Amino acid sequence: MKRFLVVILGSVALFALAPGRADARECGLPNKAPVWVDFADGSVPFWTMFAKPGVVAAAANFIYPPQLRALGAKTVYWEMNFRQRVGTPANPMEPEAVRDWADRVFYRAAASSSCATPWIALNEMWGSNVATPWSPTNSQYRENVITFVKRLRELGAHPFLLLSTRPFTDGKAGDWWRQVALYTDFVREVYFAAPQISRQGPVLGSRNLRIAFRQGVTDLIDIGIPPAKIGIFLGFHTNPGQGGREGLTPASAWFNHIKLQVLAVKQVSREIPFATIWSWGWGEWAAADRDPDKPAAACVYLWTRDHSLCAGPEMAGRGFDPSLSQGQLILPGGAQCTTPGGLIRTSQLSSIAHVTRDREIAFTSLFARLVLKNDVKVKPQDLRSAERAIVRYRFGGSGAAYRGALARAGASTAIARGVIADELRQARVERNFQVRSPSGREIASYHETYAATPARLVEATPAPSWLGRRSRGVAIEGLAPASVFRISGHRWVKLKTREGVLRVRALTPTAPLGAFSLGDASPSIRAALVRISQDGVFDNWLMRRESSALQWTTCRRDWLPAVGPLELTTSLPFLALAS
């Protein structure tokens, strides 16, 4: 038998050496990455759907591959039972038998593919996720894997080792993966339960698909394996528990899910130039595999990949959404993200990051701003008034000093106005939050903890929130406007605050809070504690809204802002608006 196969191989070699097209590689396969390969042997009742130009079909034996090629497809060899060639981690085959099996598989593949340098898919490696140290049997199993793929490579084959689980790559395990990569490509099986993705909707669902596909590739890239030796396997199984349809109904929802998977893997392949994309789940071996929607599902898959391969929308029928843009990373020029509240521009993010010295903080703050802007509008006149108040009371009315402070912080006036508007929105929202009144013990604790905080006794009209809505009381630094502590003498002064225009006069010089009795300071301390509680409620309120908005936010490479509070006044403290 072996001698007969060698004769066949000799004729195959002559065929392989015939002049070929410049855009083809071994066995006439496409030379442009990624190469799409679809399981389409006789277990697929509709295998003829894949028998056409533009398709590379994976099949075993000597019956269907010639028919697939005759109808225009290219073929690669599918070795369904790799465990029967090398054993398992618990029961590895004897090493001398492994090399013999490699020879047999190679000759079969060469004859089946009619090619001297066949592509061979090896289904599949067991225990790729097992951590080191490995047991003696697992170590032998892995030696068998290397022996097998090395022998295939020596004979001229191009092996593809399928990985059903995320590979463990730390330490010595990484050395093993790099060694076996000398002889084989890897194809990570990345499967999804369709109902879960479908419930997430096209934006969030597509994002999670892309993230999983990226991880499937980068797990190996991160240990030094080139993208050109890595592929992704898509699973469209219909039998339960395999990660596929999992009972998703109606059929249109299943077809939409398939479309989103294909769009997601295409996007990731544009970002990371990995080598191959494979599909299966089309075969039917038992009753659980049978699904009357499989032909239409395969057609949608082919159509999403290349419209010329099948009439997907027509075969899918009513309910199928033919949109190829919904949920995809399609952004206007210069945009980092599209959100329900508008765009985050890349230039805007860079300029804010120059101020914060932290791109993540800048990203979160810009996203939080858009979410807040969607709920609260600021009038231009209110913004101008607040900015003038900052210039007057923080910079003595000097616009030049104000702009100088901004320049030293790396900020423009446009950035400053954005921060001021954030604070005005926050103040407007916080006014509506009802919080628990602080207890006497909490007030006393504050008085003791912050005893060194600057404070002074003042009168103000109308009664402001920072005096506990009283016209006379102790102004506490950080709660009362900063300008209160610059008032000299006992004259009345008009102050513009975010609560409006106030008339204020100082009754005592500035002194530590502890110098005032707890009775005199209690109303202001109560107001401070209420403000702290309102700030906490506001942050939680805003972050809940951010979390909701993230479901409809699309960003380049799916790099999303973290959910968090507005933090820009930390970098620009002189813009903080007191009451």
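Keep in mind that what you see is a predicted model, and the values were worked out from it rather than measured.

## Re the packing of aromatic side chains
What the rule picks out here adds up to 31 aromatic pairs. Between the aromatic rings of Phe 363 and Trp 559, the centroid separation amounts to 4.4 Å while the plane-to-plane angle is 45 degrees, which identifies the pairing as tilted. Placement of the pair is Phe 363 in helix H12 (residues 359–373) and Trp 559 in the loop between strand S16 (554–555) and helix H18 (568–571), with a sequence separation of 196 residues. For Phe 363, a relative accessible area of 0% gives the class buried. Its relative accessible area of 26% is what places Trp 559 among the partly exposed residues. Taken together, the aromatic side chains of Phe 39, Trp 78, Trp 119, Phe 160, Phe 233, Trp 278, Trp 280 and Trp 285 make up a single cluster linked through ring pairs. Over the face of the ring belonging to Trp 101 we find Arg 85, whose NZ or CZ atom lies 4.2 Å from the ring centre. Taking NZ or CZ as reference, Lys 259 lies 5.7 Å from the ring centre of Phe 320, over its face.

## Quick look at the state of the cysteines
Cysteine pairs can be linked by a disulfide, which is a covalent bond between their two sulfur atoms. By the definition in use, this model includes three disulfides. A disulfide bridge connects Cys 337 with Cys 555, and the sulfur atoms are separated by 2.0 Å. Negative torsions about the S-S bond denote left-handed disulfides, and the value of about 110 degrees found for Cys 337 with Cys 555 makes this one right-handed. Of this pair, Cys 337 sits in strand S9 (residues 335–339) while Cys 555 is found in strand S16, placing the two residues 218 residues apart along the sequence. This pair shows no difference in class: Cys 337 is buried, exactly as Cys 555 is. Counting its disulfide-bonded cysteines in sequence order, the chain shows a connectivity of 1-2, 3-4, 5-6.

## Quick word on a positive patch on the surface
Residues Arg 384, Arg 388, Arg 392 and Lys 496 make up a contiguous surface patch of positive charge. Broken down by element, the positive patch gets its largest block of residues, three residues, from helix H13 (residues 380–394). Along the polypeptide, Arg 388 turns up in helix H13. Of the residues examined, Arg 388 reaches a relative accessible area of 41% and is grouped as partly exposed.

## Topic: the pattern of salt bridges
If you walk through the whole model with that rule in mind, you get 22 salt bridges. Where Glu 154 meets Arg 99, a salt bridge forms, and the shortest distance between an N and an O atom there is 3.9 Å. Remark: Arg 99 occurs in helix H4 (residues 95–113) and Glu 154 occurs in helix H5 (residues 136–155); sequence separation between them is 55 residues. Owing to a relative accessible area of 46%, Glu 154 belongs among the partly exposed residues under this scheme. Salt-bridge contacts for Arg 428 lead to Asp 382; the nearest nitrogen and oxygen are separated by 3.8 Å. Here Arg 428, found in helix H15 (residues 413–430), pairs with Asp 382, found in helix H13; they are 46 residues apart in sequence, far enough to count as distant. Arg 428 sits in the partly exposed class, given a relative accessible area of 29%. When salt bridges with common partners are traced through the structure, they connect Arg 210, Arg 214, Glu 271, Arg 557 and Asp 558 into a single cluster.

## Description of the side chain of Glu 271
Position of Glu 271 among the secondary structure elements: in helix H8 (residues 251–271). Within the structure, Glu 271 has its side chain in polar contact with the side chain of Gln 267 (distance 2.9 Å). In contact with Glu 271, other than residues within four places in its own chain, are Arg 214, Leu 329 and Arg 557.

## Overview of H4
With 19 residues, H4 extends 27 Å from end C-alpha to end C-alpha; this agrees with the ideal 27 Å at 1.5 Å per step. Along H4, the residues classified as buried are Val 98, Trp 101, Ala 102, Asp 103, Val 105, Phe 106, Tyr 107, Ala 109, Ala 110, Ala 111, Ser 112 and Ser 113. Just past H4, the residue Ser 114 takes up positive phi, approximately 55 degrees.

## Points about the packing of helix H7 (residues 194–221) against H8
Viewed as axis vectors pointing N to C, H7 and H8 meet at an angle of 20 degrees, and their least axial separation amounts to 8 Å. In this view, H7 runs roughly parallel relative to H8, as classed from their interaxial angle. Note on packing geometry: the crossing formed by H7 with H8 is right-handed. Between H7 and H8, the residues in contact are Ala 194, Ile 197, Ser 198, Pro 202, Ser 206, Leu 209, Arg 210, Phe 213 and Arg 214 and Ala 253, Trp 254, His 257, Leu 260, Gln 261, Ala 264, Val 265, Gln 267, Val 268 and Glu 271, respectively. Tallied by class, the residues present in the contact of H7 with H8 amount to 11 nonpolar, five polar and three charged.

## A few points about the environment of Ile 232
Inspection of the secondary structure assignment puts Ile 232 in strand S7 (residues 230–235). C-alpha separation for the pair Ile 232 and Pro 45, spaced 187 residues apart in sequence, amounts to 24 Å. Dropping the residues within four chain positions of it, Ile 232 is found in contact with Val 187, Arg 188, Val 190, Phe 213, Gly 216, Val 217, Val 265, Phe 274, Thr 276, Ile 277 and Trp 278.

## What about the sheet that holds S16?
Taken in spatial order, the three strands line up as S10-S9-S16 in an open sheet, and their pairing is antiparallel. At either end of the open sheet lies a strand with only one pairing partner, and these are strand S10 (342–345) and S16. Pairing of S9 with S10 involves four bridges; the strand directions are antiparallel. Bridge pairing in S10 places Cys 337 opposite Ile 344.

## Focus: the sheet that holds strand S5 (residues 158–163)
Overall, parallel pairing links the eight strands, which are arranged S1-S2-S3-S4-S5-S6-S7-S8 in a closed barrel. Neighbour-to-neighbour, the strand axes of this sheet turn through a mean angle of 30 degrees, independent of strand direction. The pairing of strand S4 (residues 119–125) with S5 spans five bridges and is parallel. What sits directly across from Ala 121, in S5, is Phe 160. Strand contacts of helix H9 (residues 294–305): strand S1 (35–39), S7 and strand S8 (276–280), with the helix running at about 175 degrees to S1, the strand carrying the most contacts.

## Regarding the packing of H12 against helix H17 (residues 518–550)
Contact pair H12 / H17: the axes reach a minimum separation of 10 Å and the direction vectors enclose 95 degrees. Considering their axes alone, H12 and H17 lie roughly perpendicular with respect to each other. Of the residues in H17, those in contact with Phe 367, Ala 368, Val 371 and Leu 372 of H12 are Phe 538, Trp 541, Leu 542, Arg 545, Glu 546, Ala 549 and Leu 550. A per-class count over the contact of H12 with H17 returns nine nonpolar, no polar and two charged.

Reading the values: the criteria
Residues numbered from 1 in each chain as written. Predicted model: local features only at pLDDT ≥ 70, side-chain atom pairs only at ≥ 80, totals over all residues. Heavy atoms only, no water. Phe/Tyr/Trp six-rings, centres within 6.5 Å; stacked < 30°, edge-to-face > 60°. Helix = DSSP H or I, 4+ residues; strand = E, 2+ residues; numbered from the N terminus. Buried < 20%, exposed > 50% of the residue type's maximum accessible area, 1.4 Å probe, protein only. Lys NZ or Arg CZ within 6 Å of the ring centre and 35° of its normal. Disulfide = S-S within 2.5 Å. Patch = residues over 30% accessible without salt bridge, like charges linked within 9 Å, V, L, I, M, F, W, Y side chains within 5 Å. Areas by Shrake-Rupley, 256 points an atom, 1.4 Å probe, with all protein chains shown as cover. Salt bridge = Lys/Arg side-chain N within 4 Å of Asp/Glu carboxyl O. Lys, Arg positive; Asp, Glu negative; His and termini not counted. Charge placed at Lys NZ, Arg CZ, Asp CG, Glu CD. Polar contact = N/O pair within 3.5 Å; in protein donor to acceptor, adjacent residues only side chain to side chain. Contact = heavy atoms within 4.5 Å. Expected span 1.5 Å × (residues − 1). Axes fitted to C-alpha atoms, helices over the stretch in contact; angles between N-to-C directions. Parallel < 35°, antiparallel > 145°, perpendicular 65-115°, else oblique. Left-handed = near helix turned anticlockwise from the far one by under 90°. Nonpolar A, V, L, I, M, F, W, Y, C, P; charged D, E, K, R; others polar. Pairing = 2+ DSSP bridges.

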